[in-house]
Amino acid sequence: MTIQSKVNIDNDVFLQEVDDETIILNAKTQEYFSLDEMGSIFYHFLKEEDDLEIIVKELSEHFSKDEKVIENDLLQFLKSLEEKGLVKVT
Amino acid sequence: MGKHHYAYGHTLSFHTPPTLKQSDTIYINEIKNLEKDHLYFQANFHTNQKRKIYLLTENDFRNSTSLEKWIFVVEDVVSFVCDTKQQQIFYHKDFNYTDKLMEYWLIHILLPIYLTLNDSYYFFHTGSVEVNNQAVLFIGDSYAGKSTLTDFFLKKGHTLLSDDKLGTYIKDDDVYCTPSHPYHRPYRNLEDLGIKVDKFEKKQVEVGKIFWLKPVDGDADVSMKKLKGLKKFEVLRYSTEMDLYVNQEERFKYISKIANSLDVYEIEIPHDKKRLDEVYNQILTYL
């Protein structure tokens, strides 16, 4: 997986907020997960945008953080989502 | 079986439906011929009351947004032919049929499935009583003490809302429930609705608080902890009466909305019936 990869959230994956936590349900496996604050932000961006470079740029500006740091965090996050079957990366 | 029953906010009529059906009535009628050859898909449930039970449908309904026509089969006892767009359920007798068994399966299992599939309610597996005009729900694992605690509240004079399954719905951002049926089973007998309770509420009641019962040693403290986020969601989802894999996104939204609207507490219940008064008083202080 690289920053040029395309990411698609599976149609059977649903997201809801409970209290201050974001919960993801994988309807295919019936598993659910909680995202931390950064994971939740990444996920909301991924719902709207499949170009990772654009996401990194926007988040880097928003948090005034180095693009490389954001990129590493995002790719690590995507890897964990991919392992859980929540996204498809091409 | 009597001609009329109350269950889950509906009147059950065993008369032939009139041309103009009452909106709060479900009509239950016998059919002699059961046509099921066109229903190719079978969804098995876990064995229940030592009976094999399953749904028969035309297609695999899992992950679809609705299911209208289906047959619920209690093997060798009775089959219920349902159309969730209609207010009518037909039953077909099998060789072990009795009126009492039909009543049990109809009220205890079939109607919650039917009212789930026609989007009337979201059912929780819970004991529930009325306290200060609000519904208090007791959820938890098997043998956590839901029925015991419900029974204790009834003995204290509270009104029964549900012994086992409670249908809930959201109206104007508040969560309400519809009382289930006036039977209470503080023991474990197969295919038995339980004892008829006089003090039973029929009107819709706003849901107050939910208590997740956690059994602990008999000499432990009665302690209370407010649940948040994923843990709160988990106990509610775990207490969902039936997840039929229909309309999953809407149901996920619904349970999340409930989680955001209500307080859910974990209460540690000592394994000692003599200390139920302590548990009772502790719950009242949180209402």
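In this report, the structure presented in the accompanying data block is examined. (Residues numbered from 1 in each chain as written. Chains lettered and ligands numbered in written order. Predicted model: local features only at pLDDT ≥ 70, side-chain atom pairs only at ≥ 80, totals over all residues.)

A look at the overall build of chain B
Part 1 of the reasoning: Looking only at helices and strands, one finds 5 helices and 19 strands in chain B.
Part 2 of the reasoning: Computed over C-alpha atoms, the radius of gyration of chain B comes to 19 Å, within 12% of the 19 Å expected from 2.2 N^0.38 for 287 residues, which places it in the range of a compact globule.
Part 3 of the reasoning: When the backbone C-alpha atoms are referred to their principal axes, chain B occupies close to 60 × 35 × 35 Å.
Part 4 of the reasoning: Here the analysis covers contacts within chain B between residues at least 6 apart in sequence; of these, 61% occur between residues at least 24 apart. (Helix = DSSP H or I, 4+ residues; strand = E, 2+ residues; numbered from the N terminus. Rg over C-alpha atoms; globule rule 2.2 N^0.38 Å. Contact = placed C-beta atoms within 7 Å.)

Some details on the overall build of chain A
Part 1 of the reasoning: A count of helical and extended segments in chain A gives 3 helices and 5 strands.
Part 2 of the reasoning: Counting from the amino terminus, helix and strand elements in chain A follow one another as β-β-β-β-α-α-α-β.
Part 3 of the reasoning: Since a compact globule built from 90 residues should have a radius of gyration of about 12 Å, the 13 Å found for chain A is in line with a globular shape.
Part 4 of the reasoning: Each principal axis of the C-alpha distribution contributes one length, and for chain A these read about 35 × 30 × 20 Å.
Part 5 of the reasoning: The 90 residues of chain A split such that 23% are buried.
Part 6 of the reasoning: For chain A, long-range pairs separated by at least 24 residues make up 51% of all intrachain contacts whose partners lie at least 6 apart in sequence. (Buried ≥ 20, exposed ≤ 12 C-beta atoms within 10 Å, placed from the backbone.)

Observations regarding helix α4 (residues 248–261) of chain B
Part 1 of the reasoning: Between the first and last C-alpha of α4 of chain B there are 20 Å, a value that for 14 residues agrees with the 20 Å anticipated at 1.5 Å per step.
Part 2 of the reasoning: Residues of α4 of chain B that are buried sit in contact with β2 (13–18) and β3 (21–26) of chain A together with β9 (122–125), β14 (174–178) and α3 (229–238) of chain B. (Expected span 1.5 Å × (residues − 1).)

Some words on the interface of chain B and chain A
For an interface, size is often stated in terms of accessible area lost upon the parts coming together.
Part 1 of the reasoning: Residue-level contacts link 13 residues of chain B with 11 residues of chain A.
Part 2 of the reasoning: Elements represented by at least two residues in the side of chain B that touches chain A include exactly α3 and α4 of chain B.
Part 3 of the reasoning: Counting residues per element, the side of chain B that touches chain A draws most heavily on α4 of chain B, at 7 residues.
Part 4 of the reasoning: Here the side of chain B that touches chain A is built from residues that sort into 4 nonpolar, 5 polar and 4 charged. (Nonpolar A, V, L, I, M, F, W, Y, C, P; charged D, E, K, R; others polar.)

Remarks on the environment of Gln16 of chain A
Part 1 of the reasoning: The residue Gln16 of chain A is located in strand β2 in this model.
Part 2 of the reasoning: Once you skip the residues sitting within four places of it in the chain, Gln16 of chain A turns out to touch Ile23 of chain A together with Phe252, Lys253 and Ser256 of chain B.

Here's the deal with the packing of α3 of chain B against α4 of chain B
Helix-helix packing is characterised by the crossing angle of the two axes and by the distance between the axes.
All names here are of chain B.
Part 1 of the reasoning: Close contact between α3 and α4 brings their axes to 10 Å; oriented N to C, the two are set at 125°. In terms of axis orientation, α3 runs oblique to α4. Crossing geometry of α3 relative to α4 is assigned as right-handed. Contact residues: α3 offers Lys232, Phe233, Leu236 and Arg237, while α4 offers Ile255, Ser256, Ile258 and Ala259. (Axes fitted to C-alpha atoms, helices over the stretch in contact; angles between N-to-C directions. Parallel < 35°, antiparallel > 145°, perpendicular 65-115°, else oblique. Left-handed = near helix turned anticlockwise from the far one by under 90°.)

That's the geometry; what it means functionally is another story.
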